[in-house]
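Fold and geometry: a report
Residue-level listing of the chains:
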Amino acid sequence: MDATEWDTRYRLAREAQAGQAGRLWSALPAQIVQDTVSPFPPGRALDLATGDGRNAIWLAGHGWTVTAVDFSAEAVGLAEAHAAEAGVSVDWQVGDATTWDPSGESFDLVTVMYLHLPEPALRAVLARAAGWLSPGGHLVALGHDQTNLATGAPGPGDPAILYSPELLRSCIDPASPGASRVVRCETIRRDLATDPEAPGDGGAATFALDTLLVVEV
Ligand SMILES: C[S@@+](CC[C@H](N)C(=O)[O-])C[C@H]1O[C@@H](n2cnc3c(N)ncnc32)[C@H](O)[C@@H]1O
């Protein structure tokens with residue numbers, strides 16, 4: 001989906017929830033993201049493809065100084081409204097994750113959640129993101145696993161844009177400048193009742209399968 005199509009999805013969510021800021025996704029990050037990030041000392045964070053901002057807002061609420069980027073201006077507008085409601089400050093930017101550049105800044109944490117792109121673009125995004133980490137910093141990526149298709153759980157239906165541990169691991173070059181180290185890369189099970197990607201997710205499915213990548217430099 002391009003930025004215009006995402007804009008339409010976010011605009012419809014806003015219009016359907018008249019009187020509220022509008023929300024396409026759950027209010028909190030996936031539990032595995034909260035559990036993974038919580039032990040890290042807060043510093044500078046970047047949330048790429050932030051959507052309506054749940055990861056960025058949670059990070060800002062936990063002491064991180066956050067920059068958040070999405071190519072949908074509608075999504076960023078909703079994220080700004082949610083951040084105001086939550087009383088947190090985030091540097092929101094409209095930008096394309098495949099070309100956005102932090103202008104020389106580095107980060108202690110980069111999060112990339114449910115950004116599903118064709119493989120060459122995903123490889124480039126994750127490799128660039130790992131390259132923006134400060135020494136000791138982490139890249140945390142999470143998205144729908146290819147095996148999620150068999151669960152009946154929500155998520156993209158095109159296997160070409162789904163993740164696998166093999167794919168995500170191969171996006172990180174251990175010989176890159178800064179020597180990125182994969183500390184975790186696996187398929188994880190997410191309980192849809194307690195940890196939905198979007199409100200009301202699930203239908204007949206009770207769990208979803210995601211791929212988690214955690215990289216340290
Ligand atoms: C499934 S949503 C996930 C949003 C958010 N990361 C979350 O977990 O709630 C995917 C998001 O990626 C954004 N996106 C897709 N391709 C993008 C790109 N090339 N650059 C920036 N954002 C992109 C969409 O606008 C959408 O907000």
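Nothing here was measured: the structure is a model prediction, and the numbers come from that model.

The full set close to the ligand counts 19 residues, and Y10, A49, R54, D70 and A97 are the nearest of them. Within the backbone of A49, one N or O atom sits 2.7 Å away from a nitrogen atom of the ligand. Between the ligand and N55 there is a distance of 3.5 Å, counted from an oxygen atom to a side-chain nitrogen or oxygen. Protein chains shield 96% of the accessible area of the ligand, which is 590 Å² for the free molecule. The pocket occupied by the ligand, as judged from atoms lying within 2 Å of grid points, is the largest pocket. Going through the elements one at a time, α1 (3-16) and α3 (54-61) are the ones with two or more residues in the shell around the ligand. In terms of residue class, the shell around the ligand is built from 10 nonpolar, five polar and four charged.

Over its 14 residues, α1 runs 20 Å from end to end, which matches the ideal 20 Å to within 8%, given 1.5 Å per residue. Along α1, the positions that sit buried rather than exposed are D7, Y10 and A13. Taken down its axis, α1 places every buried residue within 125 degrees of arc, on the same side. The outward face of α1, more than 90 degrees from its buried face, is lined by the exposed residues T4, L12 and A16. Each element contacted by the buried residues of α1 is listed here: α4 (73-86).

With respect to the secondary-structure elements, A27 resides in the loop between α1 and α2 (31-37). Residue class for A27 comes out partly exposed when judged on its relative accessible area of 48%. Remark: the alpha-carbon pair of A27 and V88, spanning 61 residues in sequence, is separated by 14 Å.

This part is about the layout of surface pockets. Approximately 660 Å³ is the volume attributed to the largest pocket. In terms of lining, the largest pocket is formed by 32 residues, of which the most central are W6, W25, Y114, L115 and H116. When residues of the lining of the largest pocket are traced back to their parent elements, those giving at least two are α1, α3 and β2 (65-70). Among the elements that take part in the lining of the largest pocket, α1 stands out by supplying three residues, more than any other. A per-class count over the lining of the largest pocket returns 17 nonpolar, eight polar and seven charged.

Glancing now at the UniProt feature "domain: Methyltransferase" (unreviewed entry) in the protein. Per the UniProt record, "domain: Methyltransferase" (unreviewed entry) is found at residues 46-137. Within the segment residues 46-137, helix and strand shares are 38% and 27% respectively, and the terminal C-alpha atoms sit 11 Å apart.

Further remarks concern the nonpolar core. The tendency in soluble globular proteins is for nonpolar side chains to be buried side by side. With 28 residues, the main nonpolar core has L48, L139 and L213 as its most contacted residues. In terms of residue count, the dominant contributor to this core is helix α5 (residues 119-131) (five residues). In contact with L48, not counting residues within four places along its chain, are V69, A97, W100, T111, V112, M113, V125, A129 and W132. Judged by nonpolar contacts, the second largest core, of 27 residues, contains I32, V90, M113 and Y114.

Before going further, it helps to examine the packing of aromatic side chains. Taken as a whole and judged by the stated rule, the model has three aromatic pairs. Ring geometry for W100 against W132: centres 5.6 Å apart, planes inclined by 80 degrees, an arrangement best described as edge-to-face. Of this pair, W100 sits in the loop between β3 (91-94) and β4 (107-113) while W132 is found in the loop between α5 and β5 (133-144), placing the two residues 32 residues apart along the sequence. In this structure, W100 and W132 share a single accessibility class: buried. One aromatic cluster is present, built from ring pairs that chain together W6, Y10 and W25. Above the face of the F207 ring, R189 is positioned so that its terminal group lies 3.7 Å from the ring centre.

Attention shifts here to the pattern of salt bridges. Under the defined criterion, the tally for this structure stands at seven salt bridges. Residues R184 and E186 are paired through a salt bridge, measuring 2.8 Å at the closest nitrogen-oxygen approach. What makes E186 partly exposed here is its relative accessible area of 29%.

What counts as what
- Residues numbered from 1 in each chain as written.
- Predicted model: local features only at pLDDT ≥ 70, side-chain atom pairs only at ≥ 80, totals over all residues.
- Heavy atoms only, no water.
- Near = heavy atom within 4 Å.
- Polar contact = N/O pair within 3.5 Å; in protein donor to acceptor, adjacent residues only side chain to side chain.
- Areas by Shrake-Rupley, 256 points an atom, 1.4 Å probe, with all protein chains shown as cover.
- 1 Å grid on protein atoms, 1.4 Å probe; cavity = no way out; pocket = protein on both sides within 12 Å on 5 of 7 lines; lining within 4 Å.
- Sits in = over half its atoms within 2 Å of the grid points.
- Helix = DSSP H or I, 4+ residues; strand = E, 2+ residues; numbered from the N terminus.
- Nonpolar A, V, L, I, M, F, W, Y, C, P; charged D, E, K, R; others polar.
- Expected span 1.5 Å × (residues − 1).
- Buried < 20%, exposed > 50% of the residue type's maximum accessible area, 1.4 Å probe, protein only.
- Arc of directions from axis to C-beta.
- Contact = heavy atoms within 4.5 Å.
- Points joined across faces, edges and corners; volume = space filled by probe spheres on them.
- UniProt positions renumbered as here; feature names shortened; annotations may be inferred.
- Core = buried A, V, L, I, M, F, W, Y, C linked by side-chain atoms within 4.5 Å.
- Phe/Tyr/Trp six-rings, centres within 6.5 Å; stacked < 30°, edge-to-face > 60°.
- Lys NZ or Arg CZ within 6 Å of the ring centre and 35° of its normal.
- Salt bridge = Lys/Arg side-chain N within 4 Å of Asp/Glu carboxyl O.

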